[in-house]
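Descriptive structure summary
What follows is each chain in one-letter form.
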Amino acid sequence: MIVFKRMSALLLAGVTIMAAAGCGSGGGDTTASAGGADDGKITMGFAQVGAESGWRTANTKSIQESAKAAGIELKFSDAQQKQENQIKAIRSYIQQKVDVIAFSPVVESGWDNVLKEAQTAKIPVILTDRAVDSADTSLYKTFLGSDFVEEGRKAGKWLVEEYKDSTDTVNIVELQGTTGSAPANDRKAGFAEVIGAESKFKVIASQTGDFTRAKGKEVMEAFLKSNPDIDVLYAHNDDMGLGAIEAIEGAGKVPGKDIKIITVDAVKDGMQALADGKINFIVECSPILGPQLMDLAKKVVAGEQVPARVLTEETTFTPEQAKAALPTRPY
Ligand code: AHR
């Protein structure tokens, strides 16, 4: 009897562990979403890029808080800026039969296989923040995020206006985001498109700083050593710009004056540097994608139509505007 009771308890424990891990014998689910939201609760698997910047920290917080508020169970993973880790996480969400998968692809290419696996498993996928370059757009339901090309254009337009009365050459160095990522590719392209109309603007050095403060500092130190006449720094995010400010000060120059600085994001630390005159202009990129993502997730799980592209509303900031916005800036 005791033996029988112990065996029953073990069997029950095994079933509980499998259920908690979302395992199942699987096979042949034909509903719009395979996750079986039959308990009425939606489970989302979210594969985050990493924790490389202030923007990313705010984005993660937005997603976690919004999932809680929307009553969505969130399975969250941090890929540490590695595509293979994101692919592993997505495969594990497929195995666990979540109701919906959302992710911010670290780079643009190389997603077709894993997206096809999700499609075969009938699990809808939502892209958030960054895009993929897959030709088959049926592999995901929608893409929620910023227009990164437009962000680059806004940075370029500020520069053109700032130097409109000058005929001298303007030497620019560029700190690019993660190589192969949508924001790095697009912010570079949008900026180049605008400044390319005037030959006085010259990008004399352009290298990745991987969206981190430490890399931004390191690359800027190298730029300063090999280029004595830098007029402008264009950094694809605030964090790299903030690292570069340390390098500029370390080289005995005054950021914002000796070298004008344009960045993207508008997180608190960047906005403070802008208010202090160390950065000259910031193009906003909003990390608060959580509430819209949860709304979209509920719709796609219910089999409703959603727009193929959902754009984030964004602005730009001068030092005066940063001073006014800082006291109520939420991130
Ligand atoms: O994809 C958005 C970008 O990723 C942000 O601009 C940058 O700070 C982050 O790392």
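Here, the structure is the one placed above.
Model, not experiment: these values are computed from the prediction.

With respect to the sheet that holds strand 8 (residues 232-235)
Across the sheet, six strands lie side by side as 7-6-8-9-10-12; this open sheet has mixed pairing. The open sheet has two edge strands with one neighbour each: strand 7 (201-208) and strand 12 (316-317). As judged from the three bridges shared by strand 8 and strand 9 (residues 260-265), these two strands associate in the parallel manner. Looking across to strand 9, one finds that Leu-233 is bridged to Ile-261. Sheet strands touched by helix 7 (residues 213-226): strand 6 (170-176), strand 7 and strand 8. Its angle to strand 6, the strand with the most contacts, is close to 150 degrees. In the packing of helix 8 (residues 238-250) onto the sheet, the strands contacted are strand 6, strand 8, strand 9 and strand 10 (281-284), and the crossing angle to strand 9 comes to about 155 degrees.

Digging into the sheet that holds strand 2 (residues 73-78)
Spatially, six strands are ordered 2-1-3-4-5-11 in an open sheet, and the strand pairing comes out parallel. Each end of this open sheet is capped by a strand with a single partner; those strands are strand 2 and strand 11 (309-311). Ignoring which end each strand starts from, the neighbouring axes of this sheet average 20 degrees apart. In this structure, strand 1 (residues 43-48) lies alongside strand 2, joined through six bridges in parallel fashion. Note that in strand 2 the partner of Gln-48 across the bridge is Asp-78. Sitting on the sheet, helix 10 (residues 290-301) is in contact with strand 1, strand 3 (100-103), strand 4 (125-128), strand 5 (142-145) and strand 11, with an inclination near 160 degrees to strand 4.

Some points on the site of the ligand
Residues in close proximity to the ligand include Glu-52, Ser-53, Trp-55, Arg-56, Asp-129, Arg-130, Phe-148, Pro-183, Arg-187, Phe-211, Asn-237 and Asp-265, which together make up its full environment. A distance of 2.9 Å separates an oxygen atom of the ligand from a polar atom in the side chain of Arg-187. Against a free-state accessible area of 280 Å², the protein chains account for coverage of 100% of the ligand. Broken down by secondary-structure element, the contributors of at least two residues to the shell around the ligand are helix 2 (54-70) and helix 6 (182-195). Looking at the shell around the ligand residue by residue, the class counts come to four nonpolar, two polar and six charged. Structurally, the shell around the ligand is a two-domain feature, drawing no fewer than three residues from each of domain 1 (43-146 + 287-314) and domain 2 (148-285).

A look at the packing of aromatic side chains
For the structure shown, the criterion picks out five aromatic pairs. With 4.0 Å between their ring centres and 25 degrees between their planes, Phe-191 and Tyr-234 make a pair best called stacked. On the criterion of sequence distance, the pair formed by Phe-191 in helix 6 and Tyr-234 in strand 8 is long-range, its members being 43 residues apart. In this structure, Phe-191 and Tyr-234 share a single accessibility class: buried.

About the thresholds
- Residues numbered from 1 in each chain as written.
- Predicted model: local features only at pLDDT ≥ 70, side-chain atom pairs only at ≥ 80, totals over all residues.
- Heavy atoms only, no water.
- Pairing = 2+ DSSP bridges.
- Helix = DSSP H or I, 4+ residues; strand = E, 2+ residues; numbered from the N terminus.
- Contact = heavy atoms within 4.5 Å.
- Axes fitted to C-alpha atoms, helices over the stretch in contact; angles between N-to-C directions.
- Near = heavy atom within 4 Å.
- Polar contact = N/O pair within 3.5 Å; in protein donor to acceptor, adjacent residues only side chain to side chain.
- Areas by Shrake-Rupley, 256 points an atom, 1.4 Å probe, with all protein chains shown as cover.
- Nonpolar A, V, L, I, M, F, W, Y, C, P; charged D, E, K, R; others polar.
- Domains from an automatic or database assignment.
- Phe/Tyr/Trp six-rings, centres within 6.5 Å; stacked < 30°, edge-to-face > 60°.
- Buried < 20%, exposed > 50% of the residue type's maximum accessible area, 1.4 Å probe, protein only.

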